[in-house]
Amino acid sequence: INDKIISRSLNEALIRLVVVIGLFIFIGNSGIISFGHIGFMMIGAYATAWQTMDPMTKDIFVPGLPSYLLKNSHHWLVATVIGGITSAVVAFISGIAIMRLSGIAASIGTFAVMMAFYSLYMNWTTWTAGQSSLVGIPVTTTPWVGLFFSIASLIGAFIYSSSRLGAAIRATREDEIAAKAAGVNMTLQRVISFTVSAFFVGMAGGLYAHFLGILTVDTFHLPLTFITLSMLVVGGMQSLSGAVIG
């Protein structure tokens, strides 16, 4: 029993670590607090679950899915990456509008996006089972899987932060006017950072789905938003190592 408790706690900690690293990629480099990333985690979780559930189970709980998804299942690893890509695409589209804003206005915009998707998934019964639970998701996330994705996320965040893209987005964080004068396209850099961070958070959602084995929309709401933001803030928003420690 103790081993199961330790394994479960470690699993959840590593999944949240991936989320916090994803938050750091955007918040730490742009300086904009995002309240919407748990929405991308939800998108990644459901997108992954749709791909890995047994076709017979999908026919019962999510009959509105496209016929290809209803009749086929993918390997959980492939599904998790695709879930991250799905979240990134949604973040790119929504970011085009939101990232034109700055400061608290941009933060409120990200919160609005999260609430919009929360309401959509809560009422999209033929795709998400609405207020009911989506069951029958294979449980494949182990501490070793969580560790692998945590390390991969750390490497990805470090590469991005060390690149020219990372330097450009940090320039907008320090001084927007000076960054624009130096030729930095602030909106574009923020959209790129928003998209990259959503990719990792979306994959964390896929890991979470395969950790729980069951999904409800209520899981991806304010409590998870605030606890992951707290982890980032406590460790230091502008420090990758701090995000990990937090």
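Higher on the page you've got the structure.
Residues numbered from 1 in each chain as written. Predicted model: local features only at pLDDT ≥ 70, side-chain atom pairs only at ≥ 80, totals over all residues. Heavy atoms only, no water.

Draft legend 1. Focus on the packing of helix H1 (residues 2-30) against helix H9 (residues 164-174). The contact between H1 and H9 brings their axes to 7 Å, and the two run at 50°. Classified by the angle their axes make, H1 and H9 are oblique. Within the contact between the two elements, H1 uses Gly-28, Asn-29 and Ser-30 and H9 uses Gly-166, Ile-169, Arg-170 and Arg-173. Here the residues of the contact of H1 with H9 are counted per class, giving one nonpolar, four polar and two charged. (Axes fitted to C-alpha atoms, helices over the stretch in contact; angles between N-to-C directions. Helix = DSSP H or I, 4+ residues; strand = E, 2+ residues; numbered from the N terminus. Parallel < 35°, antiparallel > 145°, perpendicular 65-115°, else oblique. Contact = heavy atoms within 4.5 Å. Nonpolar A, V, L, I, M, F, W, Y, C, P; charged D, E, K, R; others polar.)

Draft legend 2. Geometry of the packing of aromatic side chains. By the definition in use, this model includes twelve aromatic pairs. Summarising the aromatic geometry, the rings of Tyr-208 and Phe-211 are spaced 6.1 Å apart at their centres and angled 25° between planes, so their arrangement reads as stacked. Of the two residues, Tyr-208 and Phe-211 both sit in helix H11 (residues 186-212), three residues apart, roughly one turn of that helix. Comparing Tyr-208 with Phe-211 shows no difference in burial state: the two are buried. (Phe/Tyr/Trp six-rings, centres within 6.5 Å; stacked < 30°, edge-to-face > 60°. Buried < 20%, exposed > 50% of the residue type's maximum accessible area, 1.4 Å probe, protein only.)

Draft legend 3. Region of interest: the pattern of salt bridges. Summed over all chains, the structure comprises three salt bridges. A salt bridge links Arg-16 to Glu-12; the nearest nitrogen and oxygen atoms lie 3.2 Å apart. Note that Arg-16 and Glu-12 are positioned in helix H1 at a spacing of four residues, about one turn of the helix. A salt bridge links Glu-176 to Arg-190, with the nearest nitrogen and oxygen atoms 2.9 Å apart. With Glu-176 in helix H10 (residues 176-181) and Arg-190 in helix H11, the pair connects residues that are 14 residues apart, well separated along the chain. Judged by its relative accessible area of 1%, Arg-190 falls in the buried class. (Salt bridge = Lys/Arg side-chain N within 4 Å of Asp/Glu carboxyl O.)

Draft legend 4. Just the nonpolar core, in detail. Counting 65 residues, the largest nonpolar core has Phe-40, Met-41, Tyr-46, Trp-50, Leu-134, Leu-215 and Phe-220 as the members making the most contacts within it. Not counting chain neighbours up to four residues away, the residues in contact with Leu-134 comprise Tyr-46, Ala-49, Trp-50, Met-53, Phe-61, Val-62, Thr-128, Ala-129, Gly-213, Ile-214 and Leu-215. (Core = buried A, V, L, I, M, F, W, Y, C linked by side-chain atoms within 4.5 Å.)

Draft legend 5. Looking closely at the environment of Phe-40. When you line up the elements, Phe-40 lands in helix H2 (residues 37-52). Counting along the chain gives 206 residues from Phe-40 to Gly-246, while the straight-line C-alpha distance between them is 21 Å. Look past the residues within four positions of Phe-40 in its chain and what remains in contact with it is Ser-87, Val-90, Ala-91, Ser-94, Val-113, Phe-194, Ala-198, Val-201 and Gly-202.

Draft legend 6. The environment of Leu-215, seen in detail. Mapping Leu-215 onto the fold places it in strand S2 (residues 214-215). Overall, Leu-215 belongs to the buried group, its relative accessible area being 0%. Expressed as a C-alpha distance, the spacing of Leu-215 and Leu-134, which sit 81 residues apart in the sequence, is 5.0 Å. Beyond its immediate sequence surroundings of up to four residues, Leu-215 is in contact with Ala-45, Tyr-46, Ala-49, Ser-132, Ser-133, Leu-134, Ile-137, Ala-209 and Phe-220.

All quantities given are derived from atomic positions and should not be read as evidence of function.
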